[in-house]
Amino acid sequence: MRKKLIKDTSTKNYYEDRFYVPLESKKIDVNETIFKDDLASLDDMKIIKSYVEYDQMVVFIEKNDNLKALEKLRDYGYEILTEISGVDFIEKKGGIEVFYQLLSIKHKRRARVKCFVKQGEFLQSVTALYKSADWAERELYDMFGVWIEGHSKLKRILMPDDWYGYPLLKSYPLQGDEHAKWYEVDKIFGREYRDEIGEENRDSAKVDSKDTFNFSRLYHEAEYGAKPPKEPYLQEYQEEGGVPLVKKVKRDKFKILKKRR
């Protein structure tokens, strides 16, 4: 019987700051800028903090007011929700700071609405206001573990359905954890075959040019059963005189390109 893998439930950041941390950016009072009326559209709401930074308005609200705040700003003129994401403050404050990035074509302005979601709490879905929130909220859940209440299909979007952990948390090991390294080997062959098969290569960009089963022998083509050449060569498949679209492949004729045009 297999031994149960020990899950890493630590919330401690995997890395500490080791490089230069820039000074805090300049923040301007919203009422002294062109965003004065934008902020006034949220007049009956509790605003925790607000300022203008890098020519865009930033507003902090209570997490339970996210739907109401976005609806007011949408009606004011922020027609497009361009992004939803978060920042991990679990070690410092016990939760995720979620932000909504808004764009107003009408006013030619950008605004950012922020709220804080503690671990274990839910955040109301805003897909009823912005269709672009559908995928963005799934990504927020997949990468940060923020649960979205009212989303029609809250499931992983980038990682496998049975993946453990959330890769954009600061507590997530950047080099891959023990469970991830042996996941498919254990699943398909069994833990007892680890020494025979070896750990997984999770580099999605890796291509083995001599892998006969999964990839073509790039630059090492050979007839079926023939031994592929050790030295790579470059083939040119082109009709005489040159044509925009190759129609006939001259598999029996090729030339070595000394350099790319």
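Cut-offs and rules
- Along each chain, numbering runs from 1 in the same order as the chain's sequence is written.
- Only residues with pLDDT of at least 70 are given local features in this predicted model, and only at 80 or more are side-chain atom pairs given and counted; all residues enter the totals for whole chains, interfaces and linings.
- For side-chain calculations, the full set of non-hydrogen atoms in the structure is used, while hydrogens and water are omitted.
- Think of it this way: any DSSP run of H or I at least four residues long counts as a helix, any run of E at least two long counts as a strand, and we number them from the N terminus.
- Think of it in three bands: with a 1.4 Å probe and only protein chains considered, a residue is buried below 20% of the maximum accessible area for its type, exposed above 50%, and partly exposed in between.
- Residues count as neighbours in contact if any of their non-hydrogen atoms are within 4.5 Å of one another.
- Residue-level accessible areas treat just the shown protein chains as cover; the underlying method is Shrake-Rupley with a 1.4 Å probe.
- Take the residue count of a helix, subtract one, and multiply by 1.5 Å to get its expected span.
- DSSP calls a pair of strands paired once it identifies at least 2 bridges connecting them.
- All axes here are fitted lines through C-alpha atoms, helices being fitted over the stretch that makes contact, and every angle between N-to-C directions spans 0 to 180 degrees.
- For the charge count, each Lys or Arg is scored as positive and each Asp or Glu as negative, with His and the chain ends excluded.
- By convention in these notes, a salt bridge is any Lys or Arg side-chain nitrogen within 4 Å of a carboxyl oxygen on Asp or Glu.
- Any pair of nitrogen or oxygen atoms within 3.5 Å is treated as a polar contact; in protein, a donor-acceptor pairing is required on top of that, and neighbouring residues in sequence qualify only through side-chain atoms on both sides.

## Considerations on the overall build of the chain
Then, in step 1: Looking only at helices and strands, one finds seven helices and seven strands in the chain.
Then, in step 2: When its helices and strands are written in sequence order, the chain yields α-β-β-α-β-α-β-β-β-α-β-α-α-α.
Then, in step 3: Split into buried and exposed, the 261 residues of the chain put 34% on the buried side.
Then, in step 4: Intrachain contacts of the chain at a sequence separation of at least 6 include 45% that bridge at least 24 residues.
Then, in step 5: Total accessible area on the chain is roughly 18,900 Å²; 52% of this is exposed by carbon and sulfur atoms.

## Here we look at helix α4 (residues 133–144)
Then, in step 1: The end-to-end C-alpha separation of α4 is 15 Å, in line with the 16 Å expected for twelve residues at 1.5 Å each.
Then, in step 2: The buried fraction of α4 amounts to nine of the twelve residues, a majority that puts the element mostly inside the structure.
Then, in step 3: Buried-residue contacts for α4 involve β3 (80–89), β4 (95–104), β6 (122–124) and β7 (147–149).

## Structural notes on the sheet that holds strand β2 (residues 56–61)
Then, in step 1: Taken together, five strands build an open sheet; the order of strands is β1-β2-β5-β4-β3 and the sheet is mixed. Each of the sheet's edge strands pairs with one partner strand only, and the pair in question is β1 (47–53) and β3. Strand-to-strand twist across the sheet, computed as the mean angle between neighbouring axes with direction ignored, equals 20 degrees.
Then, in step 2: Sheet topology places β3 next to β4; nine bridges connect them, and they run antiparallel. Bridged to Ile-80 within β4 is Leu-103.
Then, in step 3: Of the strands in this sheet, β2, β4 and β5 (109–118) touch helix α2 (residues 66–76), which is tilted by about 15 degrees from β4.
Then, in step 4: In this fold α4 packs onto β3 and β4, with an angle of close to 10 degrees to the strand it touches most, β3.

## Re the side chain of Glu-137
Then, in step 1: Secondary-structure assignment places Glu-137 in helix α4.
Then, in step 2: One buried charged residue, Glu-137, remains without a salt bridge, the closest side chain of opposite sign being Arg-138 at 9.3 Å.
Then, in step 3: From its side chain, Glu-137 meets the backbone nitrogen of Val-126 in a polar contact 2.8 Å long.
Then, in step 4: Those residues in contact with Glu-137 that lie beyond four places of it in its chain are Ile-84, Gln-124, Ser-125, Val-126, Thr-127, Ile-148, His-151 and Leu-154.

## A closer look at the environment of Gly-145
Then, in step 1: Considering the arrangement of structural elements, one finds Gly-145 in the loop between α4 and β7.
Then, in step 2: Classification of Gly-145 by relative accessible area gives buried; the value is 19%.
Then, in step 3: Linking Gly-145 and Tyr-166, residues 21 residues apart in sequence, is a C-alpha distance of 6.0 Å.

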